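# Topology and contacts: notes
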Amino acid sequence: MRQKFFKLTMTLTAATAFTACQTPNGGLEVEHQGDTLTIVHIEKPAKYLILPIQETSNEVKVRLETGSPADCAMDVRLAVDSIDYYVPFALNGQHTVTVRRIGSDALCWDSICLSDTFDTTNRDYYRPVYHHTPLYGWMNDPNGMVYKDGEYHLYYQYNPYGSKWGNMHWGHSVSQDLIHWQHLAPAIARDTLGHIFSGSTVVDRNNTAGYGINSLIALYTSASDEHGQIQCMAYSTDNGRTYIKYEKNPVLTPFDGLKDFRDPKVFWYEPDKKWIMIVSADKNMRFYSSPNLKDWTYMSQFGEGYGAQPNQFECPDFVQMPVNGDRNTMKWVMIVNINPGCMFGGSATEYFVGNFNGKEFKCESHPQTVKWIDYGKDHYAAVCISNTGDRTIAIPWMSNWQYANITPIKQYRGANGLPRELSLYTKNGETYVAANVVPEAKTLRKDTRKVDDFQVNGEHRIKHLNDGTSSAMEMEMDITPDNAQTVGFDLLNDKGEKMKIYLDMKEGRLVADRTESGITDLAGINKGSYDVHVKETDDHRKSLSINYQNDFALGTWAPLSLCDGKTYHLDIFVDKCSVEIFVDGGRIAMTNLVFPTKPYNSLRFYTEGGEATISNLNIHRLEL
Ligand code: FRU
């Protein structure tokens, strides 16, 4: 075997390396054994091995060697010829790290180093001011969310080793008010059974699983090529900080060898005093029951042929809520995240309303009826927080699988939409979910500018919305279209980039058009590494008279028929890279990402074909 030893003695050339390394190049020895195996010997104890990442590189296998069969290799895009950023690889007191599948001439070997610290100061222009994001690394679905002892736990699909999808862990943040989040260490790490995919957490009040009264029990999917998608269990007795995996995992495998079988959501069904799991199974949701969270019995399935087509079911939730606030009339809502299936391409959240008898769900609408929790393009994997009593609170991931990996962000990727309170209302014989921003978001308001009511006939401008450094704001207003055919506004910046939001009364739609909102060619700025197509099959998108350019540069719309009409109350949240619109208490919710190159700082109201009235316009500056 060809062996090559050398000490890291070179001076670091990449300036950014100094921000990552406390003791550049000291304390470790890199031993190349041919081109396929490199052994990094840690000679001086340190907390982290700092890994240089190049996003366009292939994934290589990096493994902390402890001598245990549980040692698990992580997939890391180690830098080959340029460095995008660094990630910390925790050494946990160990001395050996093996790296497979990368040559000895790769750039990473020049700047890999040891450190006891890792600088997480924000370096991304588009990092939101008041939305939850991971400090670094990739995030997708919120999962396992649970409320216990005054704390909301937000676990999430997390890659600590790069800002693209991979190495699924459960990242972890906690909050007392759903708005201010504290980042904690990942709670569940990828292991030899696979990635830790989405799932849920319950409070085991009656100690059914035997880990103590009120212990937190997580059910998640382990996903790997070797074992497929199987449901596993872990428990926590330290308030969700760490989890111990059940020694007899998995607790559930698909009876028919199904490939797509994941994202278990578990809840206690009081009438039968049993646990129920709803788990996505390709184009269905399957229901299982259990007395103890470990032994699961199949009951039924629902989904095939229902709702938007084509689709792939993921991330279910199943909640019971009062209709029009009346606790004597309760209905069940099945939340189904689908990818693809979004009206505008890619991923979105739909739901079905119906009845449940403890075994089977029956949807009360026609199979072709499609109901959306959000009409934007960046609302996915939304599920509810367990154990919140009479409140039903959902949190979405604010992205779309079509381009989530190529947003113009590096240090981290992935943000959550604002938490939403779900409720049921009826309209024209159907029952719908309203998804309104939680009232806790009011704590973000720092100062408020009240604008006198005005009529628009043509154009009306409002300038200086902020000091030009941040567009973190909330705008509330009532729009009465009077006889206007179109009424709306452009949210503009000094460069003329704009997010257009308007009511099209002829078509009966609320429209958000981001074709001129800032950076819209996400594939172009990620030269060559991605291909974001113009799809010609999307009827909903094509029905807008908007110049559709690619999967990002487009408009989204929602039917105004969901609202009562005459006057529409809009509550709009703008952050560094997002615009969330809530109409009439969430009867319409619309979440879209935007990448303006300067903060939006003015409004241009306009009408076409008549007059409209804008009243109760309040512009709140938001701060965390
Ligand atoms: C949804 C999803 C889930 C899966 C997870 C993997 O976005 O595909 O079905 O558990 O992401 O990260």
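For the structure, check the block above.
What comes next concerns the included structure. (Residues numbered from 1 in each chain as written. Predicted model: local features only at pLDDT ≥ 70, side-chain atom pairs only at ≥ 80, totals over all residues. Heavy atoms only, no water.)

### What about the overall build of the protein?
- Scanning the protein from terminus to terminus reveals four helices and 43 strands.
- A compact globule built from 624 residues should have a C-alpha radius of gyration of about 25 Å, and the protein, at 25 Å, falls within 12% of that.
- Along the three orthogonal principal directions, the C-alpha set of the protein runs to about 80 × 60 × 45 Å.
- Looking at the protein as a whole, 63% of its 624 residues qualify as buried.
- For the protein, the exposed area adds up to about 23,700 Å²; of that, 47% sits on carbon and sulfur atoms. (Helix = DSSP H or I, 4+ residues; strand = E, 2+ residues; numbered from the N terminus. Rg over C-alpha atoms; globule rule 2.2 N^0.38 Å. Buried < 20%, exposed > 50% of the residue type's maximum accessible area, 1.4 Å probe, protein only. Areas by Shrake-Rupley, 256 points an atom, 1.4 Å probe, with all protein chains shown as cover.)

### Topic: the pattern of salt bridges
- All told, the structure shown has 37 salt bridges when counted by the stated rule.
- Between K362 and E360 there is a salt bridge, with its nearest N and O atoms 3.8 Å apart.
- Assessed through its relative accessible area of 54%, K362 is described here as exposed.
- We classify E360 as partly exposed; its relative accessible area is 39%.
- Put simply, R604 and D490 hold a salt bridge, and the shortest N to O gap is 3.3 Å. (Salt bridge = Lys/Arg side-chain N within 4 Å of Asp/Glu carboxyl O.)

### Some details on the site of the ligand
- Lining the immediate environment of the ligand, one finds 13 residues, of which D141, Q157, R262, D263 and W401 sit closest.
- With respect to the ligand, the side chain of W165 contributes an N or O atom lying 2.9 Å from an oxygen atom.
- Protein coverage of the free-state accessible area of the ligand, which is 320 Å², stands at 95%.
- At the level of secondary structure, the elements contributing two or more residues to the shell around the ligand comprise β10 (137-148), β14 (195-204), β18 (261-269) and β22 (313-323).
- Along the lines of polarity and charge, the residues of the shell around the ligand split into six nonpolar, three polar and four charged. (Near = heavy atom within 4 Å. Polar contact = N/O pair within 3.5 Å; in protein donor to acceptor, adjacent residues only side chain to side chain. Nonpolar A, V, L, I, M, F, W, Y, C, P; charged D, E, K, R; others polar.)

### Describing the pairing of strand β13 (residues 181-188)
- Both strand β12 (residues 169-175) and β13 contribute to a ladder of five bridges, which runs antiparallel. Each residue of the ladder has a partner; that of S173, found in β13, is H183.
- What sits between the antiparallel neighbours β12 and β13 is a turn of five residues, in which L178 has the positive phi angle 70 degrees. (Pairing = 2+ DSSP bridges.)

### What to know about the pairing of strand β11 (residues 151-159)
- Taken across its nine residues, β11 has nine buried, putting it largely inside the fold.
- Bridging between β10 and β11 involves seven bridges; their strand directions are antiparallel. Its bridge partner lying in β11, V146 is registered against H153.
- In this structure, the hairpin formed by β10 and β11 is closed by a connection of two residues, where D149 is found at a positive phi of approximately 50 degrees.

### Description of the sheet that holds strand β4 (residues 48-53)
- The three strands are arranged β7-β4-β9 in an open sheet whose pairing can be described as antiparallel. Strands with a single pairing partner mark the edges of an open sheet, and in this sheet they are β7 (85-90) and β9 (113-115). Along the sheet, successive strands turn relative to each other by an average axial angle of 40 degrees, direction set aside.
- Where β4 lies against β9, three bridges are found, and the strand directions are antiparallel. Bridge assignment links I50 to a residue of β9, and that residue is C113. (Axes fitted to C-alpha atoms, helices over the stretch in contact; angles between N-to-C directions.)

### Section: the packing of aromatic side chains
- A full pass over the atoms with the stated rule returns 40 aromatic pairs.
- Taking 4.5 Å as the distance between ring centres and 45 degrees as the angle between the ring planes, the aromatic pair formed by Y147 and Y152 counts as tilted.
- On the basis of relative accessibility, which here comes to 8%, the residue Y152 falls in the buried class.
- Relative to Y243, the ring of Y155 lies with its centre 5.8 Å away and its plane at 80 degrees, an arrangement referred to as edge-to-face. On the criterion of sequence distance, the pair formed by Y155 in strand β11 and Y243 in the loop between β16 (228-236) and β17 (244-245) is long-range, its members being 88 residues apart.
- Classification of Y243 as buried rests on a relative accessible area of 10%.
- Each member of the aromatic cluster is reached from another via a ring pair, and the members are F267, Y269, F287, F302, Y306, F318, W332, F352, F356 and F361.
- Positioned over the ring face of Y432 is K371, at 5.0 Å from the centre of the ring.
- The ring centre of W557 lies 3.8 Å from the NZ or CZ of R509, which sits over that ring. (Phe/Tyr/Trp six-rings, centres within 6.5 Å; stacked < 30°, edge-to-face > 60°. Lys NZ or Arg CZ within 6 Å of the ring centre and 35° of its normal.)

### So, the environment of N339
- Position of N339 relative to the elements: it lies in the loop between β23 (326-338) and β24 (348-356).
- C-alpha separation for the pair N339 and I572, spaced 233 residues apart in sequence, amounts to 26 Å.

### Observations concerning the side chain of E497
- For E497, the location among the structural elements is in the loop between β35 (486-492) and β36 (498-504).
- Of the buried charged residues, E497 lacks a salt bridge, with K495 as the closest side chain of opposite charge at 5.0 Å.
- Polar contacts involving the side chain of E497 include one to the side chain of N493, which spans 2.7 Å.
- Not counting the four nearest positions on each side in its chain, E497 is found in contact with L491, L492, E516, S517, G518, P596, T597, K598 and Y600. (Lys, Arg positive; Asp, Glu negative; His and termini not counted. Contact = heavy atoms within 4.5 Å.)

### Remarks on unusual backbone geometry
- Residue N249 is joined to P250 through a cis peptide bond whose omega torsion reads 5 degrees.
- Following the sequence through the fold, P250 ends up in the loop between β17 and β18.
- Of note, the amide linkage connecting N339 to P340 takes the cis form, showing an omega dihedral of 0 degrees.
- Summarising the element assignment, P340 is placed in the loop between β23 and β24.
- The backbone of D149 shows a phi angle near 50 degrees, a positive value even though the residue is not glycine.
- Structurally, the position occupied by D149 is in the loop between β10 and β11.
- A positive phi angle, near 50 degrees, is found at D584, a position not held by glycine.
- Mapped onto the elements of the fold, D584 is located in the loop between β40 (578-583) and β41 (588-593).

These figures come from the coordinates and say nothing about function on their own.
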